[in-house]
Each structure stands twice: as structure tokens, then as C-alpha cells.
Amino acid sequence: MDFLKSGLKTVLGAPEPGQQPSVAETVERLVERASNSTLLEDRRDACRALKAMSRKYRLEVGAQGLDTLRQILELDKADNETVNYALDTLNNIVSPSQFEEEEDKPHIPMNIGDQFTEMFIKDPHNIQLLLDLLDEYDFRVRLSTVQLLISLLTNRTKDIQEIILDKPMGVSKMMDLLSDNREVIRNETLLLLIKLTKGNANIQKIVAFENAFDRLFEILCTEGYSDGGIIVEDCLLLMLNLLKNNSSNINFFKEGSYIQKMLPMFNIPDNSEEAGWSPQKVSNVHCMLQLVRTLVSPSNSAQIVSNCQKIMNNAGLLNALCNILMASGVPADILTETINTVGEVVRGDATNQEFIGTVIAPSYPPRPAIIVLLMSMVNEKQPFPLRCAVLYCFQCYLYRNEVSQANLVQTLLPSSTDVSSLTSGQILCGGLFSSDLLSNWFSAVALMHALIDNTTQKEQLLRVLLATNIGSTPVSLLHQCTLLLQQTTKLQSKVALLMLLAQWTAHCPAAVACFLRASGAVACLVNHTSCNEHDDNDCLLQGLSAFLLAICIHFNDDSVPSQSADSLRQLLLKRVGLETFTAKLGEVSRHELYNRAAKHPQLRGAAPADVLVDYEFCRLFKSLEGVLIQSVQMKQENGVNEERQSSEADLQQYKQVIRLQDARLSELLQQLEALAGQAASLQSALNDSLAANSLLKDENTLLKAQVSANSLPQSQPNLVQPPDPRIGEYEARIQQLTDEVTRLTRDLNVVRESQKNSAEELEKMKKDQDDLLELLADQDLKLNEYNMKLLSMGSSIEEDNVIEPEENST
């Protein structure tokens, strides 16, 4: 501290006696010195002092010196020492964590670094300054720049990502730092790239195509793969960022033969049990397994998953994973994650599923790995996450593999071969009827997955007989499950059995008939469905009971006369009611654990109490819910439907009449328009004729007057003037025009009479149409009443394509 004070005195000069400057004044003077001093040494000393004060007095230094420090990065970049001081000061100002020196200052906001980051990146040119400084080979400048970028990305990840995307060669400059032979810079660059690639697909693609995978595998090899230090974990985390939810990078990774390069990471030495697993090795292997799961995750496209699974098997990666699975001394969390990883590598791939079925565990006596895993699943002393992982792996082993499903069911059927060895079917039956609730649930769900989309195995499983006591008559597995459903009081067991029975009976009338023959089965379902408990889990139980009861109605072939589909439907409507039944089914899809299970095939529960619903059952429920509701509603709708159909027939008849009337009305309107046009043309011709006639009469009169004026005097009576020949021509023309006028007048009268008749017929048609529209409105009201009755009964109404008559204007 004395050194700091002496340094400040050197920079600022000794204060006057009795006057101690405040922190703000000191910072102000340092900022002014760093900004305005002409000597480089003075500016460097001021930056050194600001760096020393920036940890304890971050607020003051940042508020007054942020712009000056940015200016130094631009103007003094030739002096590495000054630039380094400025970078370190900026890094302290925007640091996302609180310094020890600030703990006694409660007035400083916790997000002060975030606020200064926002101020710094308002001008994107500041980020460009930092990217340009990455080209500087000086160790301190390059390291400080990388650390400052890490702090900025921590505070404002998305903003910095967008700015860097806009900067040419920005990502490339960071990638070049991975080749720096100074490990400190390389390691800090890994941290920078991890933050830079988080959640941004565009940056992930750029980094991947900058040969990131090659450089990362080189580092992994240098560091010793799983036995390496934290740098191995950082490399794997960066790979995870590049591949997660990025199909383009996964394809690039697959086609670049990088999957084959993963094999050395999973080579566990034989003496690993004696050497032990360090915490860092556990973290490294966990990240390696996460990397494999990212490539074959069920959320990826089926084509990508299938290709990656084949490559992993051919490259020996699946075999290496099985070796870890069967190795001794593996920590529980690594073993759990390995089981999940193996499950996803074999999920849906018949070749890989066959391979895992042939793996033999190094036990005495030797047993298949699947048997050993199932024994762990039904062992209540095993950790809960491990048991969940085994169930998921077994589900993946059965997924879309009819051979595996048939083999499981076959182990439960009567056989003449040696049955001294333990089979998967025996383990699941033992777990199904054990006193451990989790074993009940796991076994029921595992058995359910052997029946998915496989009607043949559903019917085969009906042949399985169980001897409950020595000397007692064997009963079928389905009857025993039904009996257990009636006897158990544990919610978890009830839900598991309901899911198993629902999957078993869906699309299988033979299983429905067998279930209905069981004593008390229907009564148990009806009692559960009609129960009025309002707890969330109780509502789930009621909904599942209603679901199974509806399956028994819909897939009922009436082979059990006393439990036919109609009788069960009437019983459900009478004891429960349609509205209550629909509400109970709706409660299932609204349950929190149902929605959680429906998101991913892997069972994810923090505690045993969270294990209630299975992913495949959610798919079954979603596909059948609407169908079952319609099936139950069918009979109740019959009476209303008949009345509704008769009304619809009348309505269609009225609509047909209106369509005919509308067509006739349109035809008459067209005729009326044609007659009106014809009348107009005749009237025009008549007017022209009258005008011509009048003109000729005037000319005739004029000619007669001229003749009279030119006649001979009376003294010459015997001389007669010959008539003008044009007079006869004019008189003939007048007579012709007179006849034409008479004809046109007659035609006009005929058209006017026809127009009058059409208008009268049109008026009559409009009156008839109004009457029909009133009848149609009455029918619509009746139809709406019937629809409301159906809606009140819970039925769905399909909208009719009603064709309304178009309004025609005259």
C-alpha cells in the first residue's frame, strides 16, 4: 500500500499540507494525465496507477476513465506496456465477479461489471480494437486481450456474439490463438471459444470449419486424453458446444472421420482400479460420454443417428463403451452415464442391439450383460440414478426390435429346455411382484416396452402362467397383474400396472377379453374413475383408470357377453358420466410429471417420487385419447343424431329449392335486361324515323309552295305546267317512313307489355324467395338447438359447408 501511495505521489505530485484529495479527485487527475500528457512515460504511469486503483475503486475509475482507456488502446497501441495496463484496467472494470477489495462497499451494485460492459460495447469499434490487438504477439497484450474478451462475453454473450459475427476475420483471429505455442494463451483461448460458441449456431459453424476439431484432437492427444488435466475437459466442452443441436456440425464431424478419433479417449487401462479415478478424470470421462450422446441423441434426425451408430460400432467405440461398463472400480456416476450412453448408441439399430445382447459380464457364473444390468435395476440397494439408467438402456435395447421383444417374452413362456439359468423375464416378474415400489415400477415399464407396436407378443404374453403358491392352480400373468392392481394401495405400483395393462390391451381384443374375465377388474376401474379425490397424483390415477376402461370399450370384440362394449359404455355413462370421464382424461395430459416424461425418452427424475409416467405411454395416450372419447360418445349421440339428420335433410331440401329459385330469378333478370335493351334500340329507331318523316313533310310543303308560285297566269288557261317528278318520290318516301313508324310503334308496345309481364313474374319470385328464406331461418334455429344439445353432451360438431343464396339486386 505504501508503494501504491508513493507511486501516486510520483504521478500526481505531493498534495498540499493539510489537504488530502478524494478518490474521485485522484482518479480525475490520473485520467486527465493519461489523456492529455504529451510524454508517453507520463501516460504509462497514469495507466499503471489507474490499474492499481481499479480493483478497489472500480466505480470511480470506470465512470471517469472508460473513454480514455479506449482512446489509449487506439492511439498508444505501439507501446505494449501502456496498452497492457489499459487492458488490465478495463478487465478489472468489467469483471463479472466481485473483488475482495470491494466487499466493504455495499453501495456498489452487484452487476456493475455488466453496466460498464454495456457502456463499452455501445460503440462496436471498441470490439474491433480488441480483435486487432489479438494480432500482437506480445505475451502480456495478447493474454490480457483474451481475458478482457472473456469478461465481456460473460456479461453480454449475445451482444458480443452479434458484434463479432459482423467483424471480418474476427472468429479466425481467435482460432489462430489455438496454435500459439504458449500454453497459457492457448488455454485462455479455449475458455474464450467456449463462451463464444455457446448457443450461437452461426459461430459454431464458422469455428468448426476453421479446423477446430483437428486442433482440439491434437490438444487432447498431447494432454493424454482422459488422464489429462482440466485442459482436456475444456477441449471436450468446446466440442460439445460445437455439436449440440447443430446437425450441420454433426455431419461435418461424422464425414471428417472424427468419430474414429474418439476411440483412444475410451481406452481405460487395466490397472485403473488400482490407480483409482481422480476427480479430474471423472470429469473428463463424463464429458467424453456426453460427446458420444450428443451425436446419437434421439432429438437428432433419424438419418444422422443411424449413421453415427453404425460408425461407432464399426470403429469399435461401442465395444470400448461395453468394456467400461463391465470394468471394475468404475465410479457410480461414470457407470450411470456409460449405461445411458450405451443405450443411445444401440437405440433403434438392430446390429448394435444384437451386439449388446451378446456381451458377457465377467461374473461367476458368467452371465449376459443385460441380465446383470436388470439385476441391478431391481436391486433396491443400488443408487437410484443407476437403476433409472439401466431401465433406459433396456428400453433402448427393445426399441423397434421385434426380435429382442420376442426373446424377452419367450423367456416367460413354458419351455422344455433347461431353465436353471436366470432369465430377463424371471427378473422382471420378480421385480413386478416384489415389495419394493421402484422395482414394481421399473419392471412393469420394462415389460411394457416388450409389447409396444407388437400385437403378436401381446397375445403370446397371455400364455404366461404364474404359480402364486405351491400346489395352487397357475393363473395368467394378466390376471395376476389385475389382482395386484386391486390389492395394492401404493400409487406408484397402481400407475405402473395401469400403464402396462393399457399398453397390453390397446389394439389387442384378445387381451381385452382376458382382462374383462378377471374378477373385479371392471369394478376396480370404475371405482377409481368415479373417485372424487383432487390431489394431483390421485387425479392422474383416476385419468389412467378411465383410459384403460375406454380401451376396453373401444377394442372390445364382444367375446365376453356380460362385458360387451355397449354394456361397458352404458356402465361408464351411468356411473361416471360423459363430462366427468372427459375431464378425468384431460387431467392426465395436464399433470406435471406427464409433461416432463413426454419431452424425452430418457427417464429423468431427481427422486424416486418423481417416477410415475413413461415416455412411450405418453405417446400411446396422445394417440388414443381423442379416439377413445369419440368411441364412448358414440351411443349417446345416436338419438340426437337421428333427429339432427332429419333436420339436416329438410334443410338440404329447402336449400335445393332456393338454389332453383335463385337460378330462375337470375334467368328472368337476364331476359329483362335484354328486353330493355331491345326497347331502347326500337325507341331510338322510332325517333330517327319520326325526325326523317317530319323533314320530308317540310320539304314537301316547300315544294308545293314553289309549284303554286310558278303556275301560269289566268290568261293562258289552256297551257298546263307539267308536275315536278320529285314530288312523287317524296310522297312515296313519306308513306314508307309512315309505315316504318307504325311498325316500330307496334313492336315497342309488344316489348313494353313483355317487360311488364317479366317485372310481375320477378316480383312474384322475390316474394316466394322471401318465404323460403323464412323457412330456412326456422330450420337453422332448430339445427342450432340440436348442436347445442350435442355440445352439452361433450360431442364434437363438424362445421357444415352451408351455401347461402346470393343476394341479387334488380
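What you are looking at is a predicted structure, and each value in this text was computed from that prediction instead of being measured.

Undergrad: Looking at this structure, I do not really get a negative patch on the surface. What am I missing?
TA: Together, Asp770, Asp771, Glu774 and Asp778 line one region of the surface with negative charge. The topology assignment puts Asp778 in helix H37 (residues 725-792). Note on Asp778: relative accessible area 41%, which makes it partly exposed.

Undergrad: I tried to follow empty space enclosed by the protein on my own but got confused; where do I start?
TA: In this approach a probe as big as a water molecule rolls over the atoms, and the regions it shows empty are the leftover space. For the structure on display, the rule yields one cavity of 30 Å³ or more. Around the largest cavity, the lining residues are Arg347, Tyr392, Gln395, Cys396, Tyr399, His449, Pro601 and Glu616. It is helix H23 (residues 384-398) that provides the largest number of residues to the lining of the largest cavity, a total of three residues. Tallied by class, the residues present in the lining of the largest cavity amount to four nonpolar, two polar and two charged.

Undergrad: Sorry if this is basic, but what is going on with the packing of aromatic side chains here?
TA: Applying the stated criterion across every chain yields a total of 14 aromatic pairs. The interplanar angle of 35° and the centroid separation of 6.0 Å between the aromatic rings of Phe394 and Tyr397 together place this pair among those described as tilted. Residue Phe394 and its partner Tyr397 are both found in helix H23; the two are separated by three residues, about one turn of the helix. For Phe394, a relative accessible area of 3% translates into the label buried. Centre to centre, the rings of Trp441 and Phe442 are 5.9 Å apart; their planes meet at 80°, and the pair counts as edge-to-face. Each member of the pair, Trp441 together with Phe442, is buried. Among the aromatic residues, ring-to-ring pairing joins Phe209, Phe213, Phe217, Phe252, Phe253 and Tyr258 into one connected group. Residue placement shows Lys281 over the ring face of Trp277; its charged tip is 4.7 Å from the ring centre.

Undergrad: Would you mind going over helix H24 (residues 402-410) with me for this structure?
TA: Since one α-helical turn is 3.6 residues long, residues separated by three or four positions face the same way. Looking only at H24, the buried set comprises Ser404, Gln405, Leu408 and Val409. Considered in projection along H24, the buried side chains sweep an arc of 135° and stay on one side of the axis. Among the exposed residues of H24, those pointing more than 90 degrees away from its buried face are Glu402 and Val403.

About the criteria used
- Residues numbered from 1 in each chain as written.
- Predicted model: local features only at pLDDT ≥ 70, side-chain atom pairs only at ≥ 80, totals over all residues.
- Heavy atoms only, no water.
- Patch = residues over 30% accessible without salt bridge, like charges linked within 9 Å, V, L, I, M, F, W, Y side chains within 5 Å.
- Areas by Shrake-Rupley, 256 points an atom, 1.4 Å probe, with all protein chains shown as cover.
- Salt bridge = Lys/Arg side-chain N within 4 Å of Asp/Glu carboxyl O.
- Lys, Arg positive; Asp, Glu negative; His and termini not counted.
- Charge placed at Lys NZ, Arg CZ, Asp CG, Glu CD.
- Helix = DSSP H or I, 4+ residues; strand = E, 2+ residues; numbered from the N terminus.
- Buried < 20%, exposed > 50% of the residue type's maximum accessible area, 1.4 Å probe, protein only.
- 1 Å grid on protein atoms, 1.4 Å probe; cavity = no way out; pocket = protein on both sides within 12 Å on 5 of 7 lines; lining within 4 Å.
- Points joined across faces, edges and corners; volume = space filled by probe spheres on them.
- Nonpolar A, V, L, I, M, F, W, Y, C, P; charged D, E, K, R; others polar.
- Phe/Tyr/Trp six-rings, centres within 6.5 Å; stacked < 30°, edge-to-face > 60°.
- Lys NZ or Arg CZ within 6 Å of the ring centre and 35° of its normal.
- Arc of directions from axis to C-beta.

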